[in-house]
Amino acid sequence: LASDHSAFLPSGGVSLATLGDQRYVGAAYPLHASGARADSGQLILLEDWAHTEAFIAHIRTRLLQTGAGVFALALALSLFLSRRLSRPLRELAEAAGEVAKGRWEHRLNASGTAEAVAMADAFNGMTLSLSHWHAEALQRTNELKAAYERLDRKSTRLNSSHGYISYAVFCL
């Protein structure tokens, strides 16, 4: 081992070395003091790498598990928040569909964030105004229809009287 240590351990540096089927971490250090002979020998320190490798594998596994847990938590939280934030918009779309079907009395519940409450209040004000003007238009339509029917009856009577007058003038 001492004769071929330079093949796997550089002097003064830490590195991985394989001896047989085992892996070791180690380093080689000179045994001589400064000024002593260079061939006085070296101290080779080796430590079985299997324990360190198992520890690193354990840390890697725990990091992956923690990362997966954090990812799952972030995904669940983002789904919760996205649904919570988009709920007022879905309710607004449903309410707009109801108003489009002619259900003018449909209102939104003003709840949730400040923006959702402001949106619901604005929508409710809009539908209140629309229902007022719709009722106003219906009232005007009915008034015009009644006036047209009165005019039509008078026109019919006038036309029938005009026929009698024409006949009377013709007979004269």
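Definitions and limits used
Residues numbered from 1 in each chain as written. Predicted model: local features only at pLDDT ≥ 70, side-chain atom pairs only at ≥ 80, totals over all residues. Heavy atoms only, no water. Pairing = 2+ DSSP bridges. Helix = DSSP H or I, 4+ residues; strand = E, 2+ residues; numbered from the N terminus. Axes fitted to C-alpha atoms, helices over the stretch in contact; angles between N-to-C directions. Patch = residues over 30% accessible without salt bridge, like charges linked within 9 Å, V, L, I, M, F, W, Y side chains within 5 Å. Areas by Shrake-Rupley, 256 points an atom, 1.4 Å probe, with all protein chains shown as cover. Salt bridge = Lys/Arg side-chain N within 4 Å of Asp/Glu carboxyl O. Lys, Arg positive; Asp, Glu negative; His and termini not counted. Charge placed at Lys NZ, Arg CZ, Asp CG, Glu CD. Buried < 20%, exposed > 50% of the residue type's maximum accessible area, 1.4 Å probe, protein only. pLDDT = per-residue confidence, 0-100. Core = buried A, V, L, I, M, F, W, Y, C linked by side-chain atoms within 4.5 Å. Contact = heavy atoms within 4.5 Å.

Peer 1: Explanation requested: the sheet that holds strand β1 (residues 15-19) in the structure shown.
Peer 2: Strands belonging to one sheet form pairs held by backbone hydrogen bonds; the direction of such a pair is parallel or antiparallel. Strand order in this open sheet of three strands is β1-β2-β3, and the pairing throughout is antiparallel. Each edge of the open sheet is held by one strand with a lone partner, namely β1 and β3 (42-48). Going from strand to strand, the sheet's axes swing by 40° on average, the running direction of each strand aside. Pairing between strand β2 (residues 22-30) and β3: seven bridges, direction antiparallel.

Peer 1: Is there a simple way to explain a positive patch on the surface in this structure?
Peer 2: A contiguous patch of positive charge on the surface is contributed by R150, R153, K154 and R157. Residue position: R150 is located in helix α2 (residues 114-171). The partly exposed category is assigned to R150, whose relative accessible area is 45%.

Peer 1: Even after reading the chapter, I still don't get the confidence of the model for the protein, so can you show me in this structure?
Peer 2: Low pLDDT marks regions whose predicted coordinates should not be analysed in detail. Of all residues in the protein, 81% have pLDDT values of 70 or greater, and the mean over the chain is 83. Per-element mean pLDDT across the protein ranges from 83 in α2 up to 93 in helix α1 (residues 49-100).

Peer 1: Looking at this structure, how should I read the nonpolar core?
Peer 2: Proteins that are soluble and globular tend to have nonpolar side chains buried together. A95, V99, L108, A120 and F123 form the largest nonpolar core, which has five residues in total. At the level of secondary structure, the elements contributing two or more residues to this core comprise α1 and α2. Aside from chain neighbours lying at most four places away, what touches A95 is H106, L108 and F123.

Peer 1: Explain the pairing of β1 here, please?
Peer 2: Here is the key point about a regular strand: its side chains alternate between the two faces of the sheet. Both β1 and β2 contribute to a ladder of five bridges, which runs antiparallel. Note that in β2 the partner of S15 across the bridge is G26. Taken together, β1 and the strand that follows it, β2, pair antiparallel across an intervening segment of two residues, in which G20 is found at a positive phi of about 70°.

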